[in-house]
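Structural features, examined
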Amino acid sequence: MFAVGATPLLAQSASPAIAPSSTMAALARQVVISNPEIAAQRHQVRIAAARLQAAEAGYLPTIEANGTVQRREIDIKNGSTTNDARYTAGQAGIEARLRFYDGDRTYNAVRIAKAELEAASAGLDATTSDILLELLTSAADVHLNRKILQYSEAQSEAIAEQLRATSRRLEFGEATRTDEELARARLATAQAGVLAATEQLSIDGLRFRNVSGQSGTIVPSLPPLAAVPSSLAAAQKLALDAAPRLRAARLNAQAGKSGVKFATGALLPQLDAVSGYDYLTGGAANTFTGRYPDDRSSLYYGLELRVPIFLPRDHAEVRRARAVRDQRLSQTDIALQTVVEDVAGAWTRWQSAKSTINAAQAAVAATQEAAEGIKKEAVGGNRTLTDVLNAQNELLNARVTLERALRNEFVARASLLAATGQLDTKAILDGRCCGTDPEGRPAMSPLGRTAMSGTGKAPADPGGAPRPQISSLGQIKDRDVADMAAATGNSARPASSALGRKLN
């Protein structure tokens, strides 16, 4: 059910607007351009740049023009109407203002805007690093679960062959019904493993599709990555300078300090140089005394001083700015602890994965040799069916452990680059990572299988396909069901299962 239900989701093609990429380096560059989270952070950088331009505009003079046209009617009460008047008044003026001193508010506003712009850029780097790490991790998980699915299918086919061999031996009295039921139970367990691997592969494929924008059936090979620091101390030192979230926290704290000075500047005097020109036509200086007979104009210039005396709102703004500064300083301490922990954790996982790889490779080689020997000893009667099946499981577990270690080593290196602020499109190189070349399906385990000769055909190699084909395990034809049902009621040999059968 899992195999059939999950396949259509993985079979969906990528978005028509984005062509599938053949290498992870090309896909990473494409993701950086098209990912919506990165695009949103890029717009945040544009917003911060506009705020910087607005703050720098405080150094420039301002020029403002204004004009008024009014229709006036003057009515003199309790007197002669000779002084009544109806006329149109017009006034126009232009004023230029240059701020000499404003309590350093403009200076501090520019410092705040510059720090926020750099913090937004650091946030963009952090978002890009997170998305690229998610891309590499999801791709590594897809490759891992493809391998697990291949190994699980090989395991299931080998146990199915062992079950058929046990059934044949049962007819001649060389095996017991217990041996047959044990093999059948192990086969059911292997089939469940295939279904679980198929389900996990579908989940990881959808996760890769969400971050990359292309189908989970088209996952490029894992790429080589840039070199990591040579030691944990070097990695932590590099992270203290280059980790994007730590840089963003420090810049935000710097902006908070400048914010306190900016708020305090509102309590200081303000000095402006002012110059302007006014023109009055057809109007009056006083609304109730009538109009002057002639048009007139005036030119003025001078200094304007503003001295704040009691501004409770500005005092409250200073207290708020100090609280913001203290909060951002605490956030910087938190970011520092997080970066140190991330670097140490990634370094530890990387070292552990490398050690696990060496141990797992030795385990796979030894387990494979042991499986060969147990199979030969079982033919001579020195080993039981349980020994053969246990060796088969140990071989599968050793292979899966090795593949997981290879995946963990790659993800740990990528995580270490991300924690030190080095994971970007330049850190994802063209080519294939060591140990990630696509391999063919693992050779069928010799346990319980007789070598086939004269067929002239090699087993199909699903490793070159975009994704492993859905296993036929668990799919039994109606005729086989009837045969097996008939065999259940007597001691006759059960019908040969189609599980793992090699097609001619």
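Residues numbered from 1 in each chain as written. Predicted model: local features only at pLDDT ≥ 70, side-chain atom pairs only at ≥ 80, totals over all residues. Heavy atoms only, no water.

1. Focus on the pattern of salt bridges
For clarity, the cut-off: A side-chain nitrogen of Lys or Arg and a carboxyl oxygen of Asp or Glu constitute a salt bridge if their distance falls within 4 Å. Working definition: helices are DSSP H or I runs of at least four residues, strands are E runs of at least two. Numbering for both runs from the N terminus. Note on classification: 1.4 Å probe, protein chains only; a residue is buried when its accessible area is under 20% of the maximum for its type, exposed when over 50%, partly exposed between these limits.
Enumeration according to the criterion identifies 16 salt bridges in this entry. Here Asp141 makes a salt bridge to Arg407, at a shortest N to O gap of 2.7 Å. Of this pair, Asp141 sits in helix H4 (residues 105–171) while Arg407 sits in helix H9 (residues 385–419), and the two are 266 residues apart along the sequence. With respect to burial, Asp141 and Arg407 carry one shared label: buried. Here the salt bridges do not stand alone but share partners, grouping Glu95, Arg97, Arg99, Asp272 and Glu304 into one network.

2. Here we look at helix H6 (residues 232–242)
Selection rule: To obtain the arc, one takes the directions from the helix axis to the C-beta atoms. Residues are treated as being in contact if the distance between any of their heavy atoms lies within 4.5 Å.
Among the residues of H6, Ala235, Ala239 and Ala242 are the ones counted as buried. The buried residues of H6 occupy one face: seen down the axis, they fall within an arc of 85°. Among the exposed residues of H6, those pointing more than 90 degrees away from its buried face are Ala233, Lys237 and Asp241. Those residues of H6 that are buried are in contact with helix H7 (244–264), helix H8 (312–379) and H9.

3. Let's talk about the packing of H6 against H7
Basically, it comes down to this: Orientation is described by axes fitted as lines to C-alpha atoms, over the contacting stretch for helices, and by angles from 0 to 180 degrees between their N-to-C directions. Orientation is classified from the angle alone, with under 35 degrees giving roughly parallel, over 145 giving roughly antiparallel, 65 to 115 giving roughly perpendicular, and any other angle giving oblique. Gly counts as polar in this scheme, as do all residues outside two lists: the nonpolar Ala, Val, Leu, Ile, Met, Phe, Trp, Tyr, Cys and Pro, and the charged Asp, Glu, Lys and Arg.
Between H6 and H7, the least distance of the axes is 6 Å, while the angle of their chain directions is 45°. When the interaxial angle is binned, H6 and H7 end up oblique. Between H6 and H7, the contacting residues are Ala239, Leu240, Asp241 and Ala242 on the first element and Pro244, Leu246, Arg247 and Arg250 on the second. Here the contact of H6 with H7 is composed, by residue class, of 5 nonpolar, no polar and 3 charged.

4. A few points about the nonpolar core
Inclusion rule: Throughout, nonpolar core names a set of buried Ala, Val, Leu, Ile, Met, Phe, Trp, Tyr and Cys residues whose side chains join them through atoms within 4.5 Å.
In this structure, Leu135, Leu136, Phe410, Leu416, Leu423 and Ile428 are the most contacted members of the largest nonpolar core, which totals 63 residues. Going through the elements one at a time, helix H2 (24–34), helix H3 (36–56), H4, helix H5 (177–212), H6, H7, H8 and H9 are the ones with two or more residues in this core. A per-element tally of this core places H4 first, with 18 residues. The residues contacting Leu136, other than those within four sequence positions of it, are Met24, Leu222, Pro223, Leu225, Phe410, Ala414, Leu423 and Ile428. Counting 8 residues, the second-largest nonpolar core is a separate cluster that includes Ile159, Ala160, Leu163 and Ala190.

5. Some points on the confidence of the model for the chain
Low-confidence regions, as indicated by low pLDDT, have predicted coordinates that should not be scrutinised in detail. Rules: The predictor attaches a confidence to each residue, and that confidence, scored 0 to 100, is pLDDT.
Counting all residues, the mean pLDDT for the chain is 79, and 77% of those residues have values of 70 or more. Per-residue pLDDT stays below 50 along residues 436–504; that stretch engages in 101 contacts with residues further than four places along the chain or on separate chains.

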